[in-house]
Amino acid sequence: MIKSTAGSGTVGALRTLFDTLARPSSDHTPLLAQSPRPWIRHLPYVLAVAAIASLLPSGINVMANDYGLNGGIAGALAVAQTAPLLLAVSRPLAAWWMIGGTDLLAALLVLTSGSGGGGPWPWIPTSLVGYLFLMVPLSLREPRRTLVAIWLVTAGSGIALSLAGTGSHYSSDNVVLAIALTGAVLVLGGALRERAEVRRLLTEQEQISEVERERRTLLEERARIARELHDVVAHHMSVIAVQAASAPYRIEGVPADAAEEFTAIAGTARESLAEMRRLLGVLRSEESAGETAPQPGVGQLAQLVETVGRAGVPAELTVDEGLAERVPQAVGLSAYRIVQEALANVVRHAPGARTWVSLSADGPELRLTVVNAAPPQRTESLEASVEGTGHGLVGMRERVRLVDGRLDTGPLPDGGFKVAAVLPLDPSDRPGTPGETTA
């Protein structure tokens with residue numbers, strides 16, 4: 001019973017080994033085919049041709065003169081041992097079956113019909129060199145399990161041939177050298193392949209993380225805008241509720257039906273406010289729990305510019321007279337946040353640069369411009385001194401998109417930077433979809 005179990009275990013191990021060696025990698029792309037440089041893409045084929053050109057004549061000469069094989073047989077064996085190196089560039093495991101089988105056949109022929117005895121045994125030197133060349137593409141393409149199986153087959157075959165040739169008149173036994181060199185090449189090549197694979201996976205993960213980071217930043221900015229707009233809309237809904245509730249008392253002679261309608265309007269407004277508060281609770285995070293201050297607008301820009309000036313960035317503000325009263329609250333909030341983020345970017349990336357902020361009304365549109373000159377010198381960043389929304393151009397684009405405006409950003413020839421936005425003063429009357437251009 002024990003012998004039967006041991007025999008079945010050996011058969012299973014051999015079957016597993018054969019299955020491993022019979023399943024090549026699914027990737028048949030030639031080595032270095034992904035390189036952008038043509039000469040690198042052709043390099044594996046050039047090296048394979050060079051190896052064939054050097055090993056083919058020397059292999060024929062060694063097998064015919066040192067090992068006493070017939071010249072025709074030696075030529076056929078040398079071709080079969082070297083020509084598959086071209087195939088190894090894209091299908092190394094198939095080339096291994098060809099070259100490995102030919103090497104085994106050559107050793108058996110030398111043992112049975114060779115008349116020479118001056119060379120090492122059981123590996124013919126030229127065969128060993130070609131076999132080591134083959135190990136390079138194998139280790140760079142096949143998985144670790146296949147490489148282990150190849151090394152085991154190589155070691156087992158070499159030991160078996162060495163034992164079969166005991167007592168023969170050969171100069172030396174090179175089976176240990178062959179096993180050691182084959183293992184070293186496979187280990188080194190496999191390590192290089194796995195390292196390249198790890199680097200590729202890390203690069204892919206970094207790209208995925210960057211996409212996710214951009215998406216998260218966009219969602220956070222949209223949530224922030226929604227929270228701020230809540231205060232704007234809530235103010236108008238509160239006014240509607242108060243006006244509707246007090247209308248029957250402020251206006252004399254209101255019919256009963258009209259008074260009932262005013263009451264229904266006030267109730268609907270209060271219900272809408274309650275729903276908005278519940279929605280705001282979902283949007284608010286732990287960090288935004290303290291955002292209860294009134295939302296800023298055009299009227300607060302002077303204070304913002306003064307804060308930036310205290311941070312070491314000289315800034316000038318120009319606003320058309322009476323513009324603050326003309327700008328709707330939502331548009332004013334967007335304008336304030338765009339200027340805030342633009343000034344914060346100046347502090348981050350161009351500390352000390354002179355900056356100009358201007359707001360003017362051009363018909364139904366508000367034109368906003370923030371331009372900074374090149375920084376006077378490379379100094380330490382002052383980004384902690386002024387706080388923006390934290391999302392840079394992403395936040396600006398979302399603010400402009402909110403009110404169906406246009407945004408133009410980009411560097412200037414003198415080393416400065418420009419942020420220009422056009423915001424409709426009455427976004428509800430503007431048809432079409434938001435536009436945006438970025439330089």
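Residues numbered from 1 in each chain as written. Predicted model: local features only at pLDDT ≥ 70, side-chain atom pairs only at ≥ 80, totals over all residues. Heavy atoms only, no water.

Novice: Before we move on, could you go through helix α11 (residues 329–349) and cite the residues and values that matter?
Specialist: An ideal rise of 1.5 Å per residue puts 30 Å on 21 residues; α11 measures up with 30 Å between its terminal C-alpha atoms. Within α11, 17 of the 21 residues are buried, leaving the element largely enclosed by the surrounding structure. (Helix = DSSP H or I, 4+ residues; strand = E, 2+ residues; numbered from the N terminus. Expected span 1.5 Å × (residues − 1). Buried < 20%, exposed > 50% of the residue type's maximum accessible area, 1.4 Å probe, protein only.)

Novice: How would you sum up helix α12 (residues 392–402)? Please name residues and give values.
Specialist: Each full turn of the α-helix corresponds to 3.6 residues, which orients residues three or four apart in the same direction. Restricting attention to buried positions, one finds in α12 the residues Gly392, Gly395, Met396, Glu398, Arg399 and Val400. A positive backbone phi angle near 60° is found at aspartate 404, which sits one or two residues after α12.

Novice: Describe the packing of helix α2 (residues 38–66) against helix α3 (residues 71–82), listing the residues and the values that go with them.
Specialist: In helix packing, the relevant descriptors are the interaxial angle and the interaxial distance, both defined with respect to the helix axes. Two elements in contact, α2 and α3, have axes whose closest approach is 8 Å; the angle formed by their N-to-C orientations is 145°. In the packing of α2 onto α3, the handedness of the crossing is right-handed. Of the residues in α3, those touching α2 at Ile52, Leu55, Leu56, Gly59, Ile60, Met63 and Ala64 are Ala74, Gly75, Leu77, Ala78, Val79, Gln81 and Thr82. For the contact of α2 with α3, the residue count by class is 10 nonpolar, four polar and no charged. (Axes fitted to C-alpha atoms, helices over the stretch in contact; angles between N-to-C directions. Left-handed = near helix turned anticlockwise from the far one by under 90°. Contact = heavy atoms within 4.5 Å. Nonpolar A, V, L, I, M, F, W, Y, C, P; charged D, E, K, R; others polar.)

Novice: Give a detailed account of the packing of α11 against α12, specifying residues and quantitative values.
Specialist: Remark: α11 packs on α12, axes separated minimally by 9 Å, with the N-to-C direction vectors making an angle of 165°. By the angle between their axes, α11 is roughly antiparallel relative to α12. Classified by chirality, the crossing of α12 by α11 is left-handed. Residues Leu333, Ser334, Arg337, Ile338, Glu341, Ala342 and Asn345 of α11 touch α12, and the partners they reach there are Gly392, Met396, Arg399, Val400 and Leu402. Of the residues belonging to the contact of α11 with α12, the class tally is six nonpolar, three polar and three charged. (Parallel < 35°, antiparallel > 145°, perpendicular 65-115°, else oblique.)

Novice: Quick rundown of the packing of aromatic side chains? Include the residues and the values.
Specialist: In this structure the tally under the stated criterion is three aromatic pairs. The interplanar angle of 75° and the centroid separation of 6.1 Å between the aromatic rings of phenylalanine 18 and tryptophan 97 together place this pair among those described as edge-to-face. Of the two residues, phenylalanine 18 sits in helix α1 (residues 2–21) while tryptophan 97 sits in helix α4 (residues 92–113), which places them 79 residues apart along the sequence. By relative accessible area, tryptophan 97 is classed as partly exposed at 41%. (Phe/Tyr/Trp six-rings, centres within 6.5 Å; stacked < 30°, edge-to-face > 60°.)

Novice: Kindly report on the pattern of salt bridges, identifying the contributing residues and their values.
Specialist: Inspection of every chain in the model, using the stated rule, returns 12 salt bridges. Notably, a salt bridge pairs glutamate 194 with arginine 193, separated by 3.9 Å at the nearest N-O pair. Arginine 354 is paired through a salt bridge with glutamate 316; the nearest N and O atoms lie 2.4 Å apart. Of the two residues, arginine 354 sits in the loop between α11 and β2 (355–362) while glutamate 316 sits in strand β1 (residues 315–319), which places them 38 residues apart along the sequence. Look at arginine 354 and you get partly exposed, because its relative accessible area is 37%. Each member of the salt-bridge network shares a partner with another, and the members are Asp362, Glu365, Arg367 and Arg406. (Salt bridge = Lys/Arg side-chain N within 4 Å of Asp/Glu carboxyl O.)

Novice: Mind laying out the layout of surface pockets, listing which residues take part and the relevant values?
Specialist: Approximately 990 Å³ is the volume attributed to the largest pocket. If you list the elements that add at least two residues to the lining of the largest pocket, you get α2, α5 (125–141) and α7 (175–250). For the lining of the largest pocket, the per-class residue count stands at 19 nonpolar, four polar and six charged. Its volume calculated, the second largest pocket comes out at about 320 Å³. Lining the second largest pocket we find 19 residues, and of these Gly100, Gly101, Leu104, Val153 and Ser157 sit closest to its centre. Looking at the lining of the second largest pocket, the elements with two or more residues in it are α4, α5 and α6 (144–164). For the lining of the second largest pocket, the leading source of residues is α4, giving eight residues. Across the lining of the second largest pocket, the residue classes tally to 12 nonpolar, six polar and one charged. (1 Å grid on protein atoms, 1.4 Å probe; cavity = no way out; pocket = protein on both sides within 12 Å on 5 of 7 lines; lining within 4 Å. Points joined across faces, edges and corners; volume = space filled by probe spheres on them.)

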